[in-house]
Amino acid sequence: MVSALTTTRLLASQMALQLLQTPDSSQDSNSDPLLSDSSSDLSSLPSQSQASLTSMLNGLSANQTDSSAASQPDPDMTSSSFMDLLKQNLQDAVKSEGTGGQAQAMLDALDNGTLTVSDPTKGVSIQAWDVDADGEQGTTSKTGDTIPTSDWNDYLKAHLERGSDGTFVKNPDGSFIDKTTGSEAYFGQVGSQFYYITWPSASATSDAGASSSDASASEAANKASA
């Protein structure tokens, strides 16, 4: 999703999700492969990629860093610098994948103030904002909401919706589904750190728009009859 990341970090992020959503046929159907080291066969992967799932999810593997990341720490997720980086990454992703994908949906949510960024490892969640919006000029940071601190394994297990086959459910645009809210979700990196990003589902947005139109039509009809 993020063009500014190195190839190594992109592959690590993709691999983490692949490992998470690959069910193990040898396991009992009632067991959850998410926390199990046997949830996917790592023997066929390059030795550089055989870091533990937990390390990949927390962005701690040395293979996921580079000299630029080491010299320039990632901005705090509650800062305008982080929001600027997030917006630039989303804009770059839209140019790469087109306007019909999840990057565009995330960018639209950022524009209208409905994009939420969470980091359970730090126990923080924040409503993202557009640093270029007129009302946000001069805003350098905002206070995030406190959420229960958790590692990525437990957090994703609790939030990502699974299908009957044990794999994570995906929307047509490739986003995941947050089973606690019904929102669309993305798990990946901004800078060198992992974040969980959610925004209203397309169906919820459509329903809200339809309800607003119905209400306007009803109001107009009432005025006409009066």
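As shown above, the structure is provided for reference.
Heads up: these notes are all about the structure in this document.

About the thresholds
Residues numbered from 1 in each chain as written. Predicted model: local features only at pLDDT ≥ 70, side-chain atom pairs only at ≥ 80, totals over all residues. Heavy atoms only, no water. Helix = DSSP H or I, 4+ residues; strand = E, 2+ residues; numbered from the N terminus. Buried < 20%, exposed > 50% of the residue type's maximum accessible area, 1.4 Å probe, protein only. Contact = heavy atoms within 4.5 Å. Areas by Shrake-Rupley, 256 points an atom, 1.4 Å probe, with all protein chains shown as cover. Pairing = 2+ DSSP bridges. Axes fitted to C-alpha atoms, helices over the stretch in contact; angles between N-to-C directions. Phe/Tyr/Trp six-rings, centres within 6.5 Å; stacked < 30°, edge-to-face > 60°. Expected span 1.5 Å × (residues − 1). Left-handed = near helix turned anticlockwise from the far one by under 90°. Nonpolar A, V, L, I, M, F, W, Y, C, P; charged D, E, K, R; others polar. Polar contact = N/O pair within 3.5 Å; in protein donor to acceptor, adjacent residues only side chain to side chain. Core = buried A, V, L, I, M, F, W, Y, C linked by side-chain atoms within 4.5 Å.

Observations regarding the overall build of the protein chain
Then, number 1: Counting its secondary structure elements, the protein chain contains seven helices and six strands.
Then, number 2: Seen in sequence order, the protein chain has helices and strands lined up from the N terminus as α-α-α-α-α-β-β-β-α-β-β-β-α.
Then, number 3: Counting all 226 residues of the protein chain, 40% fall into the buried class.
Then, number 4: Partitioning the contacts of the protein chain with sequence separation of at least 6, the portion at a separation of at least 24 is 56%.
Then, number 5: Just so you have it, the protein chain exposes about 11,700 Å², and 48% of that area is on carbon and sulfur atoms.

Topic: the pairing of strand β2 (residues 124-127)
Look at any regular strand and the pattern is simple: side chains alternate between the two faces of the sheet.
Then, number 1: Note that strand β1 (residues 116-119) and β2 share four bridges and pair antiparallel. Following the sheet pairing, D119 is matched in β2 by V124.
Then, number 2: What sits between the antiparallel neighbours β1 and β2 is a turn of four residues, in which G123 has the positive phi angle 70 degrees.

Concerning the sheet that holds strand β3 (residues 145-146)
Then, number 1: Overall, antiparallel pairing links the six strands, which are arranged β3-β2-β1-β6-β5-β4 in an open sheet. The open sheet is flanked by β3 and β4 (176-177), the only strands paired with a single partner.
Then, number 2: Where β4 meets strand β5 (residues 184-190), two bridges bridge the pair, whose relative direction is antiparallel. Bridging from a neighbouring strand, F176 pairs with A185 of β5.
Then, number 3: On the sheet, helix α4 (residues 80-97) packs against β1, β2, β5 and β6 (193-199) and is oriented at approximately 105 degrees with respect to β5.
Then, number 4: With respect to the sheet, helix α6 (residues 152-159) is in contact with β1, β4, β5 and β6, its orientation differing from that of β6 by roughly 15 degrees.

Observations regarding the packing of aromatic side chains
Then, number 1: Tallying each qualifying case throughout the model produces six aromatic pairs.
Then, number 2: On the basis of an interplanar angle of 15 degrees and a centroid distance of 5.0 Å, the ring pair of F187 and F194 is categorised as stacked.
Then, number 3: Residue F187 is classed as buried on the basis of its relative accessible area of 1%.
Then, number 4: Owing to a relative accessible area of 2%, F194 belongs among the buried residues under this scheme.
Then, number 5: A network of ring pairs unites the aromatic residues W152, Y155, F187, F194 and Y196 as a single cluster.

Concerning α4
Then, number 1: Under the 1.5 Å per step criterion, the end-to-end length of α4 is 25 Å for 18 residues, consistent within 8% with the ideal 26 Å.
Then, number 2: For α4, the complete set of buried residues consists of S80, F82, M83, L86, K87, N89, L90, A93 and V94.
Then, number 3: On its buried face, α4 sits against α5 (102-111), β1, β2, β5 and β6.

Brief notes about the packing of α4 against α5
Then, number 1: As a packed pair, α4 and α5 sit with axes 8 Å apart at the nearest point and diverge in direction by 145 degrees. As for the relative orientation of α4 and α5, their crossing is left-handed in sense. On α5, the residues that touch K87, L90, Q91, A93, V94 and E97 of α4 are Q102, A103, Q104, M106, L107 and L110.
Then, number 2: When the residues that make up the contact of α4 with α5 are grouped by side-chain class, the tally is seven nonpolar, three polar and two charged.

Topic: α6
What sets the pattern is the α-helix's 3.6 residues per turn: residues three or four places apart point alike.
Then, number 1: Every buried residue of α6 is listed here: W152, N153, Y155, L156 and H159.
Then, number 2: For α6, the capping residue at the N-terminal end is D151, with a side-chain oxygen 3.2 Å from the backbone nitrogen of N153.

Observations regarding the nonpolar core
Then, number 1: Formed by 23 residues in total, the largest nonpolar core has its most connected members in F82, M83, L86, L115, V117 and I197.
Then, number 2: Looking at this core, the element that brings in the most residues is α4, giving six residues.
Then, number 3: In this structure, V117 is in contact with M77, F82, L86, V124, S125, I126, A128, Y195, Y196 and I197, ignoring residues within four places of it in sequence.

Thoughts on the side chain of S125
Then, number 1: Along the chain, the position of S125 falls in strand β2.
Then, number 2: Here the side chain of S125 touches S118 through a polar contact of 2.9 Å, side chain to side chain.
Then, number 3: When sequence neighbours within four positions are dropped, the list of residues in contact with S125 reads M77, T116, V117, S118, G144, D145 and I147.

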